[in-house]
Amino acid sequence: MMLGIHGGKLPMNTERPAFVWTIAGSDSGGGAGIQADLATIQDLGCHGCSVITTVTAQSSVAVTLVEPVSAAMLMAQLTTLLSDLPPKAIKIGLLADQSQVALLADWIASFKIHYPSVPVIVDPVMVASCGDALAVDNCQDIKSAAKSALDFNPFKGLIELITPNVLELGRLTQSDVSTKAQFATAAQALSQSLDCSVLAKGGDVSFGSTDILDDTHAKTQAHIITLDSNGWDLELAEDYLVCHRVRASSELHQNARFWLASQRVNTRHNHGSGCTLSSAIAAVLAQGFVLQDAVVVAKAYVSQGLSAAIGLGQGPGPLARTGWPNDLSRYAKIRLCDGNFISYHLNQHLDVGNDLVATVFSATDQATAQVRITSTPAQYISSHGFKVLDADLGVYPVVSDLIMLESLLVAGVKTVQLRIKTDTSGSTAAGLAESDSGKSALGRCESGKSKSGEPELIGSELEAKIQTAIALGKHFNAQLFINDHWQLAIKHHAFGVHLGQEDLAVADLAAIQAAGLALGISSHSYFELLLAHQYSPSYIALGHIFPTTTKQMPSAPQGLAKLTHYVALLKDHYPLVAIGGIDLDNLAKVKATGVANIAVVRAITEAQDPVAAFAVLSQAWEPYWGAKCMPNMSTNKPLYHGETVSGKTLSDADFMRYSRQVLLPEVGEAGQWQLADASVVIVGLGGLGQLAAQYLACAGIGNLILIDMDKVEVSNLPRQLLFSDGDIGLNKARVAKQKLNDLAPQCTVTAHETAFNTETAAHHFAGIFQAKQQGKNVLVLDCTDNFATRQAINRSCIEAALPLVSASIAAFSGQLFAVDQMLFPSGGCYHCIFPAQTRVPQSCSSQGVLGPSVGVMASMQSLVAMQLLLSVDIGRVAPRNTLLGRFWRFDAKSLTWTAAALTRDPHCDVCGPKEVHPSTKMYCFEV
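All values reported here derive from a predicted model rather than from experimental measurement.

**Observations regarding helix H6 (residues 180–194)**
Right, on to step 1. Here H6 spans 21 Å end to end across 15 residues, near enough to the 21 Å set by a 1.5 Å rise per residue.
Right, on to step 2. Where H6 is buried, its residues contact strand S8 (161–162), helix H5 (166–173), strand S9 (197–200), strand S10 (236–242), strand S11 (257–263) and strand S12 (333–336).

**So, unusual backbone geometry**
Right, on to step 1. For the peptide bond that leads from Gly543 to His544, omega is -10°, which places it in the cis range.
Right, on to step 2. Here His544 is to be found in the loop between strand S18 (539–543) and helix H18 (559–570).
Right, on to step 3. Even without being a glycine, Asp195 presents a positive backbone phi close to 55°.
Right, on to step 4. With respect to the helices and strands, the residue Asp195 is situated in the loop between H6 and S9.
Right, on to step 5. Residue Asp195 is classed as partly exposed on the basis of its relative accessible area of 24%.
Right, on to step 6. The phi dihedral of Leu895 falls on the positive side, at around 55°, and the residue is not glycine.

**Considerations on the nonpolar core**
Right, on to step 1. Ranked by internal contacts, the top residues of the largest apolar core, which has 111 residues, are Leu260 and Ile281.
Right, on to step 2. The dominant element in this core, judged by the number of residues it contributes, is helix H9 (residues 291–307), at ten residues.
Right, on to step 3. If near-sequence neighbours (up to four positions away) are discounted, Ile281 is found in contact with Ile121, Leu161, Thr163, Leu199, Leu291, Ala294, Val295 and Ala298.
Right, on to step 4. Ranked by size, the runner-up nonpolar core spans 51 residues in total, among them Val680, Ala697, Ala736 and Val805.

**A closer look at the sheet that holds S18**
Right, on to step 1. Spatially, S13-S14-S15-S16-S17-S18-S19-S20 is the arrangement adopted by the eight strands of the closed barrel, whose pairing is parallel. Each strand of the sheet is rotated relative to its neighbour by a mean of 25°, with strand direction disregarded.
Right, on to step 2. For strand S14 (residues 415–418) and strand S15 (residues 479–483), the ladder comprises four bridges, and the chain directions are parallel. Along S15, the bridge assignment pairs Thr415 with Gln479.

**Points about the packing of aromatic side chains**
Right, on to step 1. Going through the model one piece at a time under the given rule, you end up with 27 aromatic pairs.
Right, on to step 2. An aromatic cluster of three or more residues is present, and its members are Phe289, Trp324, Tyr331, Tyr526 and Tyr566.
Right, on to step 3. The cationic tip of Lys180 hangs over the ring face of Trp259; the distance from NZ or CZ to the ring centre is 4.6 Å.

**Overview of H5**
Right, on to step 1. Across the eight residues that make up H5, a large majority, seven, are buried.
Right, on to step 2. Buried residues of H5: Val166, Leu167, Glu168, Leu169, Gly170, Arg171 and Leu172, and no others.
Right, on to step 3. On its buried side, H5 packs onto S8, H6 and S9.

**Brief notes about the side chain of Thr53**
Right, on to step 1. If you trace the backbone, Thr53 turns up in strand S4 (residues 47–58).
Right, on to step 2. Sequence-distant contacts of Thr53, defined by excluding residues within four places in its chain, comprise Ile23, Ala24, Gly25, Pro68, Val69, Leu74, Leu94, Leu95 and Gln100.

**With respect to the pairing of strand S25 (residues 804–810)**
Right, on to step 1. Among the seven residues that make up S25, seven are buried, leaving the element largely enclosed by the rest of the structure.
Right, on to step 2. As paired strands, strand S24 (residues 778–782) and S25 are joined by three bridges and run parallel to one another. Counted as the bridge partner of Leu781 is Val805 from S25.
Right, on to step 3. What joins S24 to S25 is helix H30 (residues 787–800), and the crossover it makes is right-handed.

**Thoughts on the pattern of salt bridges**
Pairing between side chains of opposite charge can happen when their charged atoms approach one another.
Right, on to step 1. For the coordinates displayed, the defined rule picks out 13 salt bridges.
Right, on to step 2. In this structure, Glu160 and Lys112 form a salt bridge, with 3.1 Å as the shortest nitrogen-oxygen distance. Placement of Glu160 in the loop between helix H4 (142–145) and S8 and of Lys112 in helix H3 (residues 98–114) is noted, with a sequence separation of 48 residues between them. The burial state of Glu160 is the same as that of Lys112; both residues are buried.
Right, on to step 3. Across the salt bridge formed by Lys299 and Asp239, the nearest N and O atoms sit 3.0 Å from each other. Taken together, the residues Lys299 in helix H9 and Asp239 in strand S10 connect sequence positions 60 residues apart.

**As for the sheet that holds S9**
Right, on to step 1. Read from one edge to the other, the open sheet built from ten strands follows the order S5-S4-S3-S6-S7-S8-S9-S10-S11-S12, with strand pairing classed as mixed. Of all strands in the sheet, those with a lone pairing partner are strand S5 (63–68) and S12, marking the two edges.
Right, on to step 2. Pairing between S11 and S12: four bridges, direction antiparallel. Residue pairing in the sheet places Ala261 in a bridge with Lys333 of S12.
Right, on to step 3. On top of the sheet, helix H2 (residues 71–84) reaches strand S3 (19–27) and S4; it is set at about 165° to S4, its chief contact.

**Concerning the pairing of S4**
Right, on to step 1. In this sheet, S4 lies alongside S3 in parallel orientation, the contact comprising eight bridges. Paired with Trp21 across the bridge in S4 is Cys49.
Right, on to step 2. Handedness of the crossover joining S3 and S4 through helix H1 (residues 33–43) is recorded here as right-handed.
Right, on to step 3. Taken together, the five bridges between S4 and S5 define a ladder with antiparallel strand orientation. When the bridges of S5 are listed, Thr54 appears paired with Pro68.
Right, on to step 4. The antiparallel hairpin formed by S4 and S5 contains four residues in its connecting segment.

**Description of the environment of Val778**
Right, on to step 1. For Val778, the position within the fold is in strand S24.
Right, on to step 2. The class of Val778 is buried, set by a relative accessible area of 8%.
Right, on to step 3. If sequence neighbours within four positions are ignored, Val778 has contacts with Ser679, Ile768, Ala771, Lys772, Leu802, Pro803 and Leu869.

**Quick word on the confidence of the model for the protein**
Right, on to step 1. Chain-level statistics for the protein give a pLDDT mean of 81 and a share of 77% at 70 or above.
Right, on to step 2. Every residue in residues 339–377 is under pLDDT 50, and counting partners more than four places away or in other chains gives 76 contacts.

The rules behind the values
Residues numbered from 1 in each chain as written. Predicted model: local features only at pLDDT ≥ 70, side-chain atom pairs only at ≥ 80, totals over all residues. Heavy atoms only, no water. Helix = DSSP H or I, 4+ residues; strand = E, 2+ residues; numbered from the N terminus. Expected span 1.5 Å × (residues − 1). Contact = heavy atoms within 4.5 Å. Buried < 20%, exposed > 50% of the residue type's maximum accessible area, 1.4 Å probe, protein only. Core = buried A, V, L, I, M, F, W, Y, C linked by side-chain atoms within 4.5 Å. Pairing = 2+ DSSP bridges. Axes fitted to C-alpha atoms, helices over the stretch in contact; angles between N-to-C directions. Phe/Tyr/Trp six-rings, centres within 6.5 Å; stacked < 30°, edge-to-face > 60°. Lys NZ or Arg CZ within 6 Å of the ring centre and 35° of its normal. Right-handed = clockwise from strand over helix to strand, strands pointing away. Salt bridge = Lys/Arg side-chain N within 4 Å of Asp/Glu carboxyl O. pLDDT = per-residue confidence, 0-100.

In structure tokens:
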């Protein structure tokens, strides 16, 4: 064991550290230059190598002499080091004169041929912390020599980053940088001239000047006020990062510009802060982080080093070396101030010719995206952030298949994500690291191909699938996150939304928060972690950790070392989810990083038994948690939206059986309970009745009363599909009861094998009379083809105030209407249309009929019945007056419907006299 930098025992690191070179001057006082660089590089876990350009005689209060090394010595150091200790990153600090600039530029050009990916960081040192200029031109008059600043143009195209402070930026660009706007403009100009990224440091802006010969450590309060009036917030240390074709960075940030703001540390002990920052950037880059990551980590490192700094001499003291920064408060707030990101995002993901965009992104969304992204991100989110998750996510499956989603929810999964491939989400660079490849007839609604070659969903197909998933999540009381499609998630009241970094530009986060949805955000770097943190999401996803085969990513895998850093920074602030290539083989290593949750894709979706794979992963990840996730199909759980009827909720088995009905917002679990409590009488078990009985029983009607005295005949079989040859000669009601018991065992079926007439009505209706007295929904279906029986059913329903749905079909002519004298008394009755003295000779037996025609009328009769049952009290479907008081006719030859208003005949002997004005106007009814 070895002692850590703070005295704690840390395990010995046996891995070879990355080599970082510092090419800079020696500070005899030890606070800056080579000495500060080497201390920083080692403190951040790398091995530092030095190439000395100058030897300075300086202390904390003065620089008395600057003497460059010879060109031969400089080249010998470079050549000797490269032969044995090739760098992973290079930091260049103080260069004594223009000849050193030229020599080093030539060497870097040659070096880059063999090491093109090694980043080179230049800190253009011109002034020491004590205020003295450092560059010399073979003379001892330091201030005279400083009149001609070094020309760094030979480095054009050879370096990745230059880090001037406000003084250096003004001299390099020969411009006035007094105002914040001028400062930013100069940084952009420097980026263009040197063909590299620029980190313009505003930390010393209160001591700033455009003339490096001023007395930089004796500024007046009046000057500070002037700077403040020029746009600077003197409570903050604000740096301006200009990204220029950043290698391995997300396309979103490769060429963007950002303000990085940290709380200013009120200390005079800032000796070597510039050297520390640039060498820290190099050390972080050497460990595989992208440039934006290196900048924010280094800036945090400097911030905590300033806070812990102490004076050693009479002047400013050096920064403290405090190790890798894991205090979130030390990290900068990031503000994007560049339109390139907007153009990229809108061009890539808001193609107005795409059907998906037309469905999901409104014109307002597209217009407001540009306003939103150019403002401080967090200002759109209320201070309390997004919903706090009730529990750890544990093993968090990401699926795109509804059947797999259902099976996992049934098995007890409490957090799951639906990630549907579309042209938008399938082509993004910063979405989740993996996506599933599971396919099923239900789960794939193909209507085209995405840019990635996968099936994509658009329009109503996409919405139907998401709506289905949300309803499943509600029933199983699961934390279901919808990936990307936040409008649909809001519309259908999802538990949460998961967004990639690119989605933050167009998603209305305030609307997501106002809707009470949880929010998860993907991240692939320190920089993206900080961007996600500024929105206070419900969780942050970290990835991709290992190589994946299901999605092409723009960056290399993050790996376990980076994951450990991310967890150390954020574990006390958010639930963190590691994702990308995680399976049973590497799960233990992931867990050792301290991350509490893992998102898994291929390990579940490509498993032969996804539920079993989930159980094994859960048990390995957390034995106690995994034991709770065993299959359970019988529990009744409350929904997180509380959508129940009288405290009732469907069992898991019933929910799965009726899920396609429950998914309809007009039905839901409450509506399904309405159907389960309902009682329906079906008179006539012929072509209409036996089909209607099957529809209603299988739809979940709780009680069916079947009435028919007829026996099954061979001529019935072509259209009465419930019966078969073995049933010929048996009573239809009895056979129907037996078969419905097998078909829908949850339905209670009563059979009456007698004829219906006004004398037997009281006996036949006894069951629904009782149900009606108990406040349950009741209904009668007239499915007979006998005129006298129809009149008897109509009269009995009117007298007992029972709603009636009547249908008939003969030859190619069908008729349908519904009557409810209690709710729609002006709607008339069967007798109003066909008085008792009317002769109606038509029937199937006399006129003939095609089986499918019977099926059409039976389906419509069942549909009207279900809508009437669902519309009672809860107003779930169409208002009753759109179903009642209408008389529909169906022409099976032309496949057209017509409808007329059905009003009461004031002279009707059955429904009684009433002043009405019947209408006989016919009009087309769209099927």
